[in-house]
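Architecture and fold: a report
Okay, here's what each chain looks like letter by letter:
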2 protein chains.
Amino acid sequence: MLHNELTKRLNIQYPIIQAPMAGGITTSKLVAEVSSAGGLGMIGAGYLTPAQTKEQIKEIKQLTSKPFGINLFVPNEFHITEDAVKSADQLLHSIREQLNVEPADSFDIPEFNTIFESFMEQVKVVIEEKVPICSFTFGVPSKEVIAKLKQHNITLIGTATTVREAVENEKLGMDMVVVQGSEAGGHRGNFIDEHQESLVGLMSLIPQAVDHVSIPVIAAGGIMDGRGLMASLCLGAQGVQMGTAFLTCVESGAHKVHKEAILKGAEDQVTFTRAFSGKWARGIKNKFILDMQEHELLVPDFPVQNLLTQVIRKAGSEQNNQDFMSLWSGQSPRLAKNQTVERLMKDMITEVQKINITVS
Amino acid sequence: MLHNELTKRLNIQYPIIQAPMAGGITTSKLVAEVSSAGGLGMIGAGYLTPAQTKEQIKEIKQLTSKPFGINLFVPNEFHITEDAVKSADQLLHSIREQLNVEPADSFDIPEFNTIFESFMEQVKVVIEEKVPICSFTFGVPSKEVIAKLKQHNITLIGTATTVREAVENEKLGMDMVVVQGSEAGGHRGNFIDEHQESLVGLMSLIPQAVDHVSIPVIAAGGIMDGRGLMASLCLGAQGVQMGTAFLTCVESGAHKVHKEAILKGAEDQVTFTRAFSGKWARGIKNKFILDMQEHELLVPDFPVQNLLTQVIRKAGSEQNNQDFMSLWSGQSPRLAKNQTVERLMKDMITEVQKINITVS
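What comes next concerns the included structure.

Reading the values: rules and limits
- Residues numbered from 1 in each chain as written.
- Chains lettered and ligands numbered in written order.
- Predicted model: local features only at pLDDT ≥ 70, side-chain atom pairs only at ≥ 80, totals over all residues.
- Helix = DSSP H or I, 4+ residues; strand = E, 2+ residues; numbered from the N terminus.
- Buried ≥ 20, exposed ≤ 12 C-beta atoms within 10 Å, placed from the backbone.
- Contact = placed C-beta atoms within 7 Å.
- Core = buried A, V, L, I, M, F, W, Y, C linked by C-beta atoms within 7 Å.
- Pairing = 2+ DSSP bridges.
- Least-squares fit on C-alpha atoms with pLDDT ≥ 70 in both.

The next subject is the environment of Ile218(B). Residue and element names in this part refer to chain B. Along the polypeptide, Ile-218 turns up in strand S8 (residues 217-220). On the basis of neighbour counts, which here come to 27 C-beta atoms within 10 Å, the residue Ile-218 falls in the buried class. Separated by 67 residues in sequence, Ile-218 and Gln-151 have C-alpha atoms that sit 23 Å apart. Look past the residues within four positions of Ile-218 in its chain and what remains in contact with it is Ile-17, Met-176, Val-177, Val-178, Ala-237, Gln-238, Gly-239, Val-240 and Gln-241.

Turning to the nonpolar core, a few remarks are in order. Ranked by internal contacts, the top residues of the largest apolar core, which has 215 residues, are Val177(A), Val179(A), Val177(B) and Val179(B). Val177(B) has contacts with Ile157(B), Gly158(B), Ala160(B), Ala166(B), Asn169(B), Glu170(B), Val213(B), Ile215(B), Val217(B) and Ile218(B), leaving out every residue within four places of it along the chain.

Once that is clear, we can look at the pairing of S8(B). Residues and elements named next belong to chain B. Residues of S8 alternate between two faces, with Val-217 and Ala-219 on one and Ile-218 and Ala-220 on the opposite face, all of them buried. Where strand S6 (residues 176-180) meets S8, four bridges bridge the pair, whose relative direction is parallel. Bridged to Val-178 within S8 is Ile-218. Across three bridges, the pairing between S8 and strand S9 (residues 239-242) is parallel. Bridge pairing links Ile-218 to Gly-239 in S9.

With nine of its nine residues buried, helix H9 (residues 202-210) of chain A lies for the most part within the structure. Regarding H9(A), the residues found buried are Leu202(A), Met203(A), Ser204(A), Leu205(A), Ile206(A), Pro207(A), Gln208(A), Ala209(A) and Val210(A).

A few words now on the relation of the copies chain B and chain A. Overlay of chain B on chain A (RMSD 0.0 Å): rotation 180°, translation along the axis 0.0 Å. Here the two chains are linked by the operation of a two-fold rotation axis. Among all C-alpha atoms of chain B, that of Ala231(B) lies closest to the rotation axis, at 2.0 Å. Taken together, the interface assignments show that 100% of the residues at the interface of chain B recur at the interface of chain A, consistent with an identical surface on both copies.

Pasting the structure below:
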C-alpha cells in the first residue's frame, strides 16, 4: 500500500485525489466512485449555490460510505464599470451571431457581497453536513472561516502555484497544500504571484515546495497514471490530484464533445486563455480562444467575463460545437482514456507495482 | 546501480548527463569531472570555432579516460536586412550608454554559409577525434551528416520539446532524444513547434514522449538531485540531463555573478526572453530583460541578435553587473548548490538509494 501521513489524515487507501472540477464535471457518481475505489472524490462546488451544494453532498452520502471532499472558490474582489462590461459584451457580439444566440437584454454586474455571502453559506453547509475535507482555490479564506472549519475537525487543503504561495498556505493554517504545476488544466490558482511567474513545472515545483513547508504537499498537473503518481512521490509529494484523467472517465459529467477533444488531443494543442472567464486557464485551443486572443488581456476579471460568456458556452454545448466550449485540459491529453473510475484506479495501482527501479 | 539501455550504450555508470551549456560554462575540468564521476560530461561547443573545439577535446582526453560527449548547434537559416540590424542596434543604444561601452564601428551580418561551413568543420573534428557521443540542438542535421557520424559509430542524441519533435528525431536517425521540459534553463530547442506550444512540463512531456518513440528518452529541465532523477525514471526516461545543477558547481566556467544569482534565486524569478540572442531562452529576470521586454518580439533572429548584444554581455561580465548578463537558469534555482561535481554526483546516488516507496 501507499501509506503515508496524507492517506492517514484523509482516511483513504491510495494517495489519489480527484480534482474538484467545477461546472458539472464532478457528478455525484464520479465523486462516489473515486472514494469507493480508495481515492478521494471531490465536489467542485465553485459554481454551485448553497442549496445545490447541500443537495450534492447528501446525494454522494447515499452512494458511498467513504470520505469525500469539497472545493470552494475563495471570492476575490473585482472592480468593473458598466462601460467596461458593455465593451466586453460588444467583443462577444460576432461570436453570438455565429451561434445564433441573442445577447441578454440586460446584464447585472454581480456584487462581491452577494458572492461572498453565498461562499459563507457554502461554508455553513460543509460544516452542517460534516464533510471531512474542504479545499480552496483562488486564495486562502479568512482567519475566521479557517478557525470555524477547524473547530469542526475539517481538514483544510489550500492551492499554491509557487513556493511563496505554498508557504503562505501553511502560515495561514492549511493542513495540506496542492501545488498546481504549469501542466495543470483549467483555472490557475495563483493568488500572490502573477500569471507568468506562477507557471512552474512540477519537476521544479514539487521538490522546492516540499523543502519549504512541513505540511503534506499534493502534486497537480499532467498526472494521469501510475508513472505520474510514482514520480510525484519521488519528488517528495505525499499524493496527487488528477483532473483531466478523471474528466474523460465514464462517470464524469463533462460534455461528450469535451471528452472527445481531449481524447484526440495532443500536448502542443493545449494553451492558456483568459477570454472565457477573466482568469487564466488551460484548455484545448479552439476558435473562441484564437478569435479572442488579441482582446484577452482586456476582458473583465473573473467572474464578470465568465458570466458574459455563459450564453456562448451554453449554446456551444447545446450545438455540440467545440469551437465555442471551454475545453479545459492539462498538458497530457495523449494519456487520457475513456474508462471507468474503477479501471483507472486499478490500472494505476498495478502500474505503480510494476515500476521497479533497482538501486544498489 | 542504475543500469539500462542508455548507460550501456553510452558506456557510463550512472544515467546522468551534464547539459552541454555553451559560452564557456563547460570547462574541460567540468566535463572531465562529470565523466570521471560516472556520468557523461558534455562540451557545449555551440559558440566554439572548429580549432577551439579540437583543442578542448584534446584537453579533456588528458583529464579523463572515461567517455564524454559534445553538443553542436544545428545552423538555422535566417533572413535579415541591413536596416533591420540598424534598428535593432538602435534599441541597444541606451543600454550601451549605461555600461559605458561604444557600439561596434561597423557590424557585419553573419552569413549562413560561413556558419554552416564552421558547423561542418566541427563535425569533421568530432569524427577525427573519435568523440563517442554527439548531440544536437536547434534541429536535426542533414541525412549526410547523420550518415557520416554513424559510419564512425558515434552515438547521436537529438533534442525535442514536444512529442512531434521527439518522433521526428527518431525518424531522422537519432539514437536517443533529450526531451526539454518547460522547466529548462537556457535556449529552447524547439524546431517544429512554436515557442508557446513547445512549453510542456516534464510531468507531461516524458510519459507522452516515451509512449511515442522507441529510442531512449533523456529528461531535461529543472532536475537537480536524486529526487528528479528518480522521478524521471519513473516517468519512463532512461536518464537525465542537468544544466543548472552543474552550472553552479565549482568546476563550471560560469561567471561568479551568474552562479550567485542562481544560488540566491527563486522559481518565480526565472522567465523567458528573446532579447539576448533572438531565440527564446530561460533565465533570471534582470534589468536587460525587463527593459527589452516590449521589443523582444521585434529583435532579429538568432544568431544576429546574439552578436548585437555580445558587447553588452561582455561589459556586464567585466563589470560584475548582473543587470546586463544572460543569467540562464532552469526553474529550480532553490535547489542549486555551490559544490564540487563529485559531491553533487555522490549525493544524488545516495539520495536515490534513500528514496524508498514501498508498494504492495
